[in-house]
Amino acid sequence: MKKLGVGCAIVGGLGFIVLVLVLMAGAGYNGLVKRSQKVDAEWAQVQNVYQRRADLIPNLVATVAGAANFEKSTLTAVTEARASIGQLKVDAHTAPTDAAKLEAFDRAQHQLGAALARLLVVVERYPELQATAGFQDLQAQLEGTENRIAVARRDFNLAVQDYNTAIKSFPALFYAGAFGFSPKPYFSASPGAETPPQVQFDPGGAATKRP
């Protein structure tokens, strides 16, 4: 009887431990799901602010193109950069797990941002254009959008950092991979992104970018 009682106690103890582990794993799994959803939500916000910038470009190009003798190459660079983004196959609601895809998306967006920056620098040669209410409004909207983009990218990276830390922490590191929770890539600073593009005008009026 004593042996039977000891055996029952051991079985009961092991069952309790298993139950605790299952509950811990379940709670940890739910936590990973929430963190993954947070990453996707921040990614969707990144898409929203980048789309907002893309939606402003046609009006900006149309407004600037109305200025006499405005450099066509500058406008072409903006429209081509915007078009290249439209060719990317990116899920607007689910954050990418492939670092190469995120890098390609980031590179295309950086090229568009650089083209827009060059356009705004060139516009400085046209005070009559700068003075128009339509251009001033578009410029203000673009500046506000760039600030929103910076915030959205930061928030996305913070969400990814929280998620990546969670799947590598105890006890999730033992089961995260089995449930499909893999590390997600971050946005990284684009080379030269911290330096505004510089434009130098030659005597003939052509604009060239300085290295």
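Remember, it's a predicted structure, so these values are computed and weren't measured experimentally.

Right, let's talk about the overall build of the protein for a bit. Of the regular secondary structure elements, the protein holds five helices and two strands. Of the regular secondary structure in the protein, the N- to C-terminal order runs α-α-α-α-α-β-β. Taking all 211 residues of the protein together, 32% fall into the buried category. Partitioning the contacts of the protein with sequence separation of at least 6, the portion at a separation of at least 24 is 78%. Total accessible area computed for the protein in this model is approximately 12700 Å², and 59% of it derives from carbon and sulfur atoms.

Summed over the entire model, instances satisfying the criterion amount to 11 aromatic pairs. Considering the side-chain rings of Trp-43 and Phe-156, the 5.6 Å spacing of their centres and the 50 degrees angle between planes classify their relative orientation as tilted. Residue Trp-43 is located in helix H1 (residues 2-65), and its partner Phe-156 is located in helix H5 (residues 133-167); the two are separated by 113 residues in the primary sequence. You can call Phe-156 buried: its relative accessible area is 0%. Measuring from centroid to centroid gives 6.0 Å for Tyr-175 and Phe-179, while their planes differ by 75 degrees, and the two rings are edge-to-face.

Another point: the nonpolar core. Across soluble globular proteins, nonpolar side chains have a tendency to be buried as a group. Of all hydrophobic cores here, the largest spans 23 residues; its most connected members are Leu-60, Val-64, Phe-70, Val-78 and Leu-119. Those elements that provide at least two residues to this core are H1, helix H2 (72-86), helix H3 (99-123) and H5. If sequence neighbours within four positions are ignored, Leu-60 has contacts with Leu-116, Leu-119, Phe-135, Leu-138 and Leu-142. Judged by nonpolar contacts, the second largest core, of 22 residues, contains Trp-43, Phe-156, Ala-176 and Phe-181.

The subject of this paragraph is unusual backbone geometry. In this structure, the amide linkage connecting Phe-170 to the following residue, Pro-171, adopts the cis form with an omega of 0 degrees. The topology assignment puts Pro-171 in the loop between H5 and strand S1 (198-201).

Cut-offs and rules
Residues numbered from 1 in each chain as written. Predicted model: local features only at pLDDT ≥ 70, side-chain atom pairs only at ≥ 80, totals over all residues. Heavy atoms only, no water. Helix = DSSP H or I, 4+ residues; strand = E, 2+ residues; numbered from the N terminus. Buried < 20%, exposed > 50% of the residue type's maximum accessible area, 1.4 Å probe, protein only. Contact = heavy atoms within 4.5 Å. Areas by Shrake-Rupley, 256 points an atom, 1.4 Å probe, with all protein chains shown as cover. Phe/Tyr/Trp six-rings, centres within 6.5 Å; stacked < 30°, edge-to-face > 60°. Core = buried A, V, L, I, M, F, W, Y, C linked by side-chain atoms within 4.5 Å.

Purely geometric numbers; function is a separate question.
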